[in-house]
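# Coordinate inspection notes
Spelled out, the chains give:
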Amino acid sequence: MFTQAAQELTTVRDILRFAVSRFNDAGLFFGHGSDNAHDEAAYLILHTLNLPLDTLEPYLDAKLLQSEKEEVLAVLERRAVEHIPAAYLTHQAWQGDFDFYVDERVIVPRSFIYELLGDNLTPWIEHPELVHRALDLCTGSGCLAIQMAHHYPAAEIDAVDLSLDALEVAAINIEDYGLEERINLIHTDLFEGLEDTYDLIVSNPPYVDAESVDMLPDEYLHEPELALGSGEDGLDATRQILLHAAKYLNPKGVLLVEIGHNRDVLEAAYPELPFTWLETSGGDGFVFLLTREQLLGLE
């Protein structure tokens, strides 16, 4: 069908309609950027043709060269047939105003934590300048570390990951943003071997429980397994973070962790901890905040 499309379709409008039909027919999962077949198809077409990503209308009736059609249709076919997330096809992912290089060495950035950095952490962090040292655990592509550097201009940041592959991708993004002097990449497992203490620790660790891992859509199977599952209940990494974080936080330091859909399980496991659940675009059950003093039972 894609071969026939290359022969018979002529305009961007033709290819957009064809792509939406193929995406719907393939039953694709949209959870790595776009949330529907039309927007995903439009993004892939515009990106492949090197057109502005926010401007579709003027180009809908533009005729494409045969070579352009073949290039676009090759990308659309991989998305439809192989269920590869769009971000891996374009090597680009967005969080707010920030865009990042990504490939299959890292999960596609989608953490809610980026929405909470800066002013949204008031009153726990009264002024951005008070963050002198920060830590990003399980940094992946480095996206949160880079946004921390933006929101906390006085901060030096350690970005940790167990995956050397992920750190290679993070290095690309850190260089792209010119932050080599402020973000230090560290290959280790969570806190292992760290010696500094921090005013802010953030983490988007693996948190998918075993049952959910077995039911993930095909798109997620292209992402590193190491970055998704975390034990039977999805909380293995989070338990380690809660066990050790206080040691690495300065007085009044803040811990921010994303845990997916595990709020009820976490609260049942730690009834003594006064979790603050922060409001995000996904709701108020995905990211918790604790201070050093709360972790130590001092308040």
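All values reported here derive from a predicted model rather than from experimental measurement. (Residues numbered from 1 in each chain as written. Predicted model: local features only at pLDDT ≥ 70, side-chain atom pairs only at ≥ 80, totals over all residues. Heavy atoms only, no water.)

### Quick word on the overall build of the chain
- In terms of regular secondary structure, the chain is built from 11 helices and nine strands.
- Radius of gyration (C-alpha) of the chain: 21 Å, near the 19 Å computed for a compact globule of 299 residues.
- Seen through its principal axes, the chain has C-alpha atoms that stretch 70 × 40 × 30 Å.
- Looking at the chain as a whole, 53% of its 299 residues are labelled buried.
- Sequence separation of at least 24 residues holds for 68% of the intrachain contacts in the chain that already meet a minimum separation of 6.
- A total accessible area of about 14,100 Å² is found for the chain, and carbon and sulfur atoms account for 49% of it.
- Side chains of the chain give 16 positive and 55 negative charges; the mean places of these two sets differ by 4 Å. (Helix = DSSP H or I, 4+ residues; strand = E, 2+ residues; numbered from the N terminus. Rg over C-alpha atoms; globule rule 2.2 N^0.38 Å. Buried < 20%, exposed > 50% of the residue type's maximum accessible area, 1.4 Å probe, protein only. Contact = heavy atoms within 4.5 Å. Areas by Shrake-Rupley, 256 points an atom, 1.4 Å probe, with all protein chains shown as cover. Lys, Arg positive; Asp, Glu negative; His and termini not counted. Charge placed at Lys NZ, Arg CZ, Asp CG, Glu CD.)

### Some remarks on the pattern of salt bridges
- The tally for this structure, following the rule as stated, stands at 14 salt bridges.
- For Glu 223, the salt bridge goes to Arg 110, with nearest N and O atoms at 2.8 Å. Linking Glu 223 in the loop between helix H8 (210-213) and helix H9 (236-244) with Arg 110 in the loop between strand E2 (98-100) and strand E3 (133-137), this pair joins segments that are 113 residues apart in sequence.
- Here Arg 110 falls in the partly exposed class, since its relative accessible area comes to 28%.
- Within the structure, one salt-bridge network assembled from shared partners comprises Arg 133, Glu 156, Asp 158 and Asp 196. (Salt bridge = Lys/Arg side-chain N within 4 Å of Asp/Glu carboxyl O.)

### As for the packing of helix H3 (residues 37-48) against helix H4 (residues 66-82)
- Packing of H3 against H4 brings their axes to within 9 Å, and their N-to-C directions diverge by 140 degrees. As for how H3 packs across H4, the hand of that crossing is right-handed. The residues of H4 that touch H3, namely those facing Glu 40, Leu 44, Ile 45 and Thr 48, are Glu 71, Val 72, Val 75, Leu 76 and Arg 79.
- A class-by-class count of the residues in the contact of H3 with H4 yields five nonpolar, one polar and three charged. (Axes fitted to C-alpha atoms, helices over the stretch in contact; angles between N-to-C directions. Left-handed = near helix turned anticlockwise from the far one by under 90°. Nonpolar A, V, L, I, M, F, W, Y, C, P; charged D, E, K, R; others polar.)

### What about the side chain of Thr 139?
- Residue placement: Thr 139 occurs in the loop between E3 and helix H6 (143-151).
- Look at Thr 139 and you get buried, because its relative accessible area is 4%.

### Notes on the layout of surface pockets
- Quantified by volume, the largest pocket comes out at close to 1,200 Å³.
- Only H3, helix H5 (86-90) and strand E1 (93-95) provide two or more residues apiece to the lining of the largest pocket.
- With five residues, the single largest contributor to the lining of the largest pocket is H3.
- Across the lining of the largest pocket, the residue classes break down as 25 nonpolar, 15 polar and eight charged. (1 Å grid on protein atoms, 1.4 Å probe; cavity = no way out; pocket = protein on both sides within 12 Å on 5 of 7 lines; lining within 4 Å. Points joined across faces, edges and corners; volume = space filled by probe spheres on them.)

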